[in-house]
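Close look at the chain arrangement
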Amino acid sequence: MDLREKKILVLGATGNVGHGVAAAVAEAGATPIVISRDKERAKQLGALFPTAQVLVGDVSDAADADRLGREVGAVDHVLVSSGGWWQKGPFVRQPAVEYDEARRMLLDAQVHAARVFLPRTAETGSFTLVTGVGATLTIPNASMLAIATAGVLALSRSLRLEQRAGPRVNELRIASRIERAPRPGVVPSIAFGRAVLKLFTSTTRGAIIGFDRPESFDPAAHVEER
Ligand SMILES: NC(=O)c1ccc[n+]([C@@H]2O[C@H](COP(=O)([O-])OP(=O)(O)OC[C@H]3O[C@@H](n4cnc5c(N)ncnc54)[C@H](OP(=O)(O)O)[C@@H]3O)[C@@H](O)[C@H]2O)c1
């Protein structure tokens, strides 16, 4: 798999999932492009990945996403792994601001990433939205997660349906726990990242691709829509 000369935008590179992908992309000789909302975290990314293009900004903000799009320019591949977990208690106890924050993290970032970066992705490239099996479940005390990720699943369906030509759009649906620090029962970020590099060279288009273990990861193994 030769990814040298490729520019690969990894959103969420300061987090568990994106970090492993950015590290694997750098290891493969491609140029990772990474963004953090926080200057200090962005600096750390620059130190970890000396060949990366590092930007500070907020993809969940429409105007800032547009600015980031102009600064990043054309890319070969995009993997969107912004967002995290939300399980803060019963819906009726949440202040209004909680909805805004959860939506920004779990839906707006994905929507603006697609709006700004999909048109900048190479015709022969790929655009991958990361989701988890949790997005298909209703978990107690996780209403905001359920609401926002339902939107991401809808975004994924729409993009996968509409994007019949040009960059391949897929959803990567994770069914295991990925963490940066290795411990029993979790998949280390770097092992995850190395496995999912196959996304960038596969021909799969318009699919939900499941991830369970690195050794069994196959971009041709599709998950049925539910
Ligand atoms: N880890 C897992 O085991 C697992 C399993 C299944 C699915 N997933 C999915 O994978 C994605 C990433 O999970 P993770 O575990 O890597 O999360 P994480 O460790 O909490 O990292 C979250 C990342 O999202 C960015 N982010 C947070 N809020 C944002 C906002 N409002 N706007 C833009 N960026 C924002 C953060 O960047 P900043 O530096 O800007 O804060 C950070 O890089 C999520 O969609 C999650 O549902 C993860």
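Relevant structure appears above.
Along each chain, residues carry numbers from 1 onward, in the same order as the chain's sequence is written. A pLDDT threshold of at least 70 governs which residues receive local features in this predicted model, and a stricter bar of 80 or more applies before side-chain atom pairs are shown or counted, although totals over entire chains, interfaces and linings include all residues.

1. Considerations on the packing of helix 3 (residues 62-72) against helix 4 (residues 96-117)
Our working rule: Fitting a line to C-alpha atoms yields each axis, with helices limited to the stretch in contact; the angle taken between N-to-C directions then spans 0 to 180 degrees. Numbering of helices and strands starts at the N terminus; helices are DSSP runs of H or I of at least 4 residues and strands are runs of E of at least 2. By the definition used in this description, the sense in which the near helix is turned from the far one sets the handedness, with an anticlockwise turn below a right angle giving left-handed and a clockwise turn giving right-handed. By definition, residue pairs are in contact when their C-beta atoms, positioned from the backbone, come within 7 Å. Charged residues are taken to be Asp, Glu, Lys and Arg, nonpolar residues to be Ala, Val, Leu, Ile, Met, Phe, Trp, Tyr, Cys and Pro, and polar residues to be all remaining types, Gly included.
Running from N to C, helix 3 and helix 4 cross one another at 35 degrees; their axes reach a closest spacing of 9 Å. The chirality of how helix 3 crosses helix 4 is right-handed. Along the contact surface, helix 3 presents A62, A65, D66, L68 and G69, while helix 4 presents H112, V116 and F117. Here the contact of helix 3 with helix 4 is built from residues that sort into five nonpolar, two polar and one charged.

2. So, the environment of G69
Looking at where G69 falls in the secondary structure, it is placed in helix 3. Considered as a pair, G69 and S81 are twelve residues apart in the sequence and their alpha carbons are 17 Å apart. In this structure G69 touches V116, F117 and R120, once residues within four positions along its chain are discounted.

3. Thoughts on the sheet that holds strand 6 (residues 168-174)
Note the following rule: Note on pairing: two strands pair once DSSP finds at least 2 bridges between them.
Sheet architecture is open: seven strands sit in the order 3-2-1-4-5-6-9, paired in parallel fashion. Only two strands of the sheet have a single partner each, and these edge strands are strand 3 (53-56) and strand 9 (208-211). The sheet shows a mean angle of 20 degrees between the axes of neighbouring strands, taken without regard to direction. Pairing of strand 5 (residues 121-132) with strand 6 involves seven bridges; the strand directions are parallel. Bridge pairing in strand 6 links S126 to R168.

Coordinates in, geometry out; function isn't part of it.
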